[in-house]
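Here is what each chain is made of, one letter per residue.
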Amino acid sequence: MVDHATPTTAVEHVDLTIGGMTCASCANRIERKLNKLDGVTATVNYATEKARVEYASDVSTDELISVVEQAGYSATPPPAKSGGDTNAHPRDEADESLRSLRQRLIVSTVLSVPVIAMAMITKLQFDNWQWLSLTLAAPVVVWGAWPFHKAAWTNLRHGTTTMDTLISMGTIAALGWSVYALFWGTAGMPGMRHPFELTIERSDGSGNIYFEAAAGVTTFILAGRYFEARAKRHAGAALRALLELGAKEVSLLRDGREERIDIERLQVGDQFVVRPGEKIATDGVIEEGTSAVDASTVTGESVPVEVGVGDGVIGATVNAGGRLVVRATRIGAETQLAQMAKLVEDAQTGKAQAQRLADRISGIFVPIVIALSVGTLGFWIGADGGLSAAVTAAVAVLIIACPCALGLATPTALMVGTGRGAQLGILIKGPEVLESTRRVDTIVLDKTGTVTTGTMTLLDVIADAGEDPDEIVRLAGALEDASEHPIARAIAAGAVGRVGTLPSVEDFANVEGLGVQGVVDGHAVLVGRARLLTDWSQHLPSELAQAMVEAENSGRTAVAVGWDGVARGVLVVADAIKPTSAEAITRFRGLGLKPVLLTGDNAAVARTVAAEVGIDEDAVIAEVLPKDKVDAVRRLQDDGRVVAMVGDGVNDAAALAQADLGLAMGTGTDVAIEASDLTLVRGDLRVAADAIRLSRRTLATIKGNLFWAFAYNVAALPLAAAGLLNPMLAGAAMAFSSVFVVSNSQRLRSFKALSDGSPISGATS
């Protein structure tokens, strides 16, 4: 019997750069089209303008691109790998698109201002002013609004409607009717005026022009699109910043001689030299030397790691001690740094897309307006009201629905909210960010640099009976001041802060792996592990030995100090907790958030920190690598939690991108800041609570603005359908709705950060 095995189809994946998307519904449409293909699974992200597609080997990339193009958009495959900048082409396209949008905005603004001024100020309405309005407004509506017309046509072909549909229909209707009124009605006659009369009366519309509505709406919406596009342009900055962390050159060791080469020329198996203070070029194994390596950027561990021959090291970490010779084991895309960059990209691509509020509402509003306009036309024709009156009423329905205030609703609230946030040290990246703040119920806190200071600090001096703590610190600090070890620097800095100037040192020596020794003020001083003192017959008394054990059990570093043959005391060094962290945790709880501590440090350190700031022990996740941080956030999300993440390091970047809301400390790395949604300029964790409060308040303001922007339009629709819409009444209603939206947004200027001792605000504040 012959076993005929079923052949399995290999699965491949590709990341396509998508062009032409104007809203989240565009992303959904492309995603649906791609997923209809057999063997294809696609995720399209509007924010990053990328489509991640998994497809069977019998489907070609050209087929995928063809499907996207048939949907009315463009798709570009990733460029071939080369020595050049692989991101150059997409970035050039983005720059060109932004320049085009800026050009449309500037030209439209210059042309629209006089049109609006002439329509609203009767004294500016000189003879034949209406023809100048046509000359200025036509390019705005035709050329300036072209992106909206193009998107509306794409929507029409696929049977959907968005904000673009409403903008395109409203502006074309306003321009079209105004042209009709000029050439075939009475609006083109010399001496025509738009008197400022707020009356409700029926007319045939032949004397009404709406150039200011058409040009003004186009300019307002273009401004909003431009600022949104400018923010989106930086979507890939986190990945670029992450890859910039790596070393650019490396000292290759060949035949006993050092040769400085570009990092791209390094091969697996090559040996290279890392001097104190230099970045380790790539992942490898130490062949010669011992040192302390600061791996906090990658692993999040606050205490430098002691390494020696045979130990593995990670690229982009910093050699804080002696000279090392390292053999490269992984290069390029295989390194841990490159894997972290991929984690960030994956997290950004898979992030849930926040639908834009205006598009969500317009999906319902636009079909209703179109149906009402058609119904109005049919009613007046059927009622023998005359074709001119019927068309006037139908067009009036489209014109009053044109969203002048809607164009201001989000940008003004966001502008005021972000401006107030900047004054308070809070940077909000865009409107999509705000939606997440309303739903967040869990806040994950990185330990190092977020809850703690991120730097080693002298916390305690434990002196034996009869010894002077200041003298212990003075002699130990003087000796450690001659060392480059991070813990030594912490002790030296603590000593200077406590006793002032330190004495000089003679006969300084570093005892490998144990500590340092030397002569200070005539005393033979030892500072280091207990074993160093024991080797010199300086045995720790039971009280000091117990103090060292307790310090180490709580995750701190204990250093023994002795001189002249006697053990004198113990110094306790650790990453100090920020004084405001405990209060911040209380404020998070007041906002309805559950705090979770997440760290690469060991469990003992994590539990100690959690206990001091008020985080429950069951909410501590310790000893995690960057990938584990992403998985930890994803597990919380899989459990139904909406997660905010606060971090500051490179190792937090992927988790910040994965979280529903990422908050980065501005005191941290550029990578973390770029991967986050909110940036806290100060290193005070309490600002994170204020950031969530401000974001929620700004979101509520945007929703209020959107409601009133539509409410004014809806209230005027019956008047338009009845043919009673006086042009000045329409203009006044539009102006009043815009003034209301701007005034409502200005209320955000009164937002205040909670000062020390202030009552905790509720979750919706």
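As the structure is a prediction and not an experimental result, all values here were calculated from the model. (Residues numbered from 1 in each chain as written. Predicted model: local features only at pLDDT ≥ 70, side-chain atom pairs only at ≥ 80, totals over all residues. Heavy atoms only, no water.)

Moving on, we come to the overall build of the protein chain. The helix and strand tally for the protein chain stands at 26 helices and 26 strands. Counting every position in the protein chain, which comprises 765 residues, the buried fraction comes to 51%. Just so you have it, the protein chain exposes about 33100 Å², and 56% of that area is on carbon and sulfur atoms. (Helix = DSSP H or I, 4+ residues; strand = E, 2+ residues; numbered from the N terminus. Buried < 20%, exposed > 50% of the residue type's maximum accessible area, 1.4 Å probe, protein only. Areas by Shrake-Rupley, 256 points an atom, 1.4 Å probe, with all protein chains shown as cover.)

This part covers the side chain of threonine 165. Looking at where threonine 165 falls in the secondary structure, it is placed in helix H6 (residues 163–183). Those residues in contact with threonine 165 that lie beyond four places of it in its chain are Ala152, Asn155, Thr160 and Val366. (Contact = heavy atoms within 4.5 Å.)

Glancing now at the pattern of salt bridges. Counted by the stated rule, this structure contains 23 salt bridges. Where salt bridges share partners, they join Glu583, Arg587, Asp684 and Arg686 into one cluster. (Salt bridge = Lys/Arg side-chain N within 4 Å of Asp/Glu carboxyl O.)

With that settled, the discussion passes to the sheet that holds strand S10 (residues 305–307). The strands making up a sheet associate through hydrogen bonds between their backbones, and the pairing can be parallel or antiparallel. Strand order across the open sheet formed by three strands is S10-S9-S12, with antiparallel pairing between neighbours. Sheet topology places S10 and strand S12 (318–319) at the edges, where each strand pairs with a single neighbour. In terms of strand pairing, strand S9 (residues 291–294) meets S10 through three bridges, oriented antiparallel. Along S10, the bridge assignment pairs serine 291 with valine 307. (Pairing = 2+ DSSP bridges.)

Turning next to the UniProt feature "transmembrane region" (unreviewed entry) in the protein chain. The sites that carry the UniProt feature "transmembrane region" (unreviewed entry) are, in the present numbering, residues 105–122, 128–146, 166–187, 207–227, 361–381, 387–410 and 705–722. Across residues 105–122 one finds 89% helix and 0% strand; the C-alpha atoms that close the span lie 27 Å apart. Taken end to end, residues 705–722 is 94% helix and 0% strand, and its first and last C-alpha atoms sit 27 Å apart. (UniProt positions renumbered as here; feature names shortened; annotations may be inferred.)

On to the environment of serine 100. When you line up the elements, serine 100 lands in helix H3 (residues 88–120). Take serine 100: its relative accessible area is 27%, and that puts it in the partly exposed class. Considered as a pair, serine 100 and tyrosine 226 are 126 residues apart in the sequence and their alpha carbons are 9.6 Å apart.

With respect to the element layout, arginine 420 can be found in helix H13 (residues 404–423). Notably, arginine 420 is buried but unbridged: the nearest opposite-charge side chain belongs to aspartate 690, and the N-O separation is 9.2 Å. Engagement of the side chain of arginine 420 in a polar contact is seen with the backbone oxygen of phenylalanine 751, the distance being 2.7 Å. Other than its neighbours up to four places away in sequence, arginine 420 contacts Leu694, Leu748, Arg749, Phe751 and Lys752. (Lys, Arg positive; Asp, Glu negative; His and termini not counted. Polar contact = N/O pair within 3.5 Å; in protein donor to acceptor, adjacent residues only side chain to side chain.)

Axis angle and axis distance: for two packed helices, these are the angle between their axes and the distance between the axes, and together they describe the pair. Relative to each other, helix H4 (residues 129–144) and H6 sit at 150 degrees, their axes nearing to 11 Å. Here H6 runs roughly antiparallel to H4, going by the angle between their axes. Relative to H6, the crossing made by H4 is left-handed. Along its contact with H4, which presents Gln130, Trp131, Leu134, Ala138, Val141 and Val142, the element H6 presents Thr171, Ile172, Leu175, Val179, Leu182 and Phe183. Among the residues making up the contact of H4 with H6, the classes are represented as ten nonpolar, two polar and no charged. (Axes fitted to C-alpha atoms, helices over the stretch in contact; angles between N-to-C directions. Parallel < 35°, antiparallel > 145°, perpendicular 65-115°, else oblique. Left-handed = near helix turned anticlockwise from the far one by under 90°. Nonpolar A, V, L, I, M, F, W, Y, C, P; charged D, E, K, R; others polar.)

Looking now at the nonpolar core. One finds Leu445, Phe588, Leu663 and Leu685 to be the most contacted residues of the largest nonpolar core, which totals 63 residues. The element best represented in this core is helix H25 (residues 686–721), accounting for nine residues. The residues contacting phenylalanine 588, other than those within four sequence positions of it, are Ile443, Leu445, Leu593, Leu685, Ala688 and Ala689. If you look at the next biggest cluster of nonpolar residues, it comprises 38 residues, including Ala174, Trp177, Ala396 and Phe710. (Core = buried A, V, L, I, M, F, W, Y, C linked by side-chain atoms within 4.5 Å.)

Attention now moves to the packing of aromatic side chains. Inspection of every chain in the model, using the stated rule, returns five aromatic pairs. Ring plane angle 50 degrees and centroid distance 5.9 Å describe the contact between phenylalanine 183 and tryptophan 184, whose orientation is recorded as tilted. Taking 5.5 Å as the distance between ring centres and 80 degrees as the angle between the ring planes, the aromatic pair formed by phenylalanine 379 and tryptophan 380 counts as edge-to-face. A relative accessible area of 16% places tryptophan 380 in the buried class. Linked through ring pairs, Trp131, Trp177, Tyr180, Phe183 and Trp184 together constitute an aromatic cluster. (Phe/Tyr/Trp six-rings, centres within 6.5 Å; stacked < 30°, edge-to-face > 60°.)

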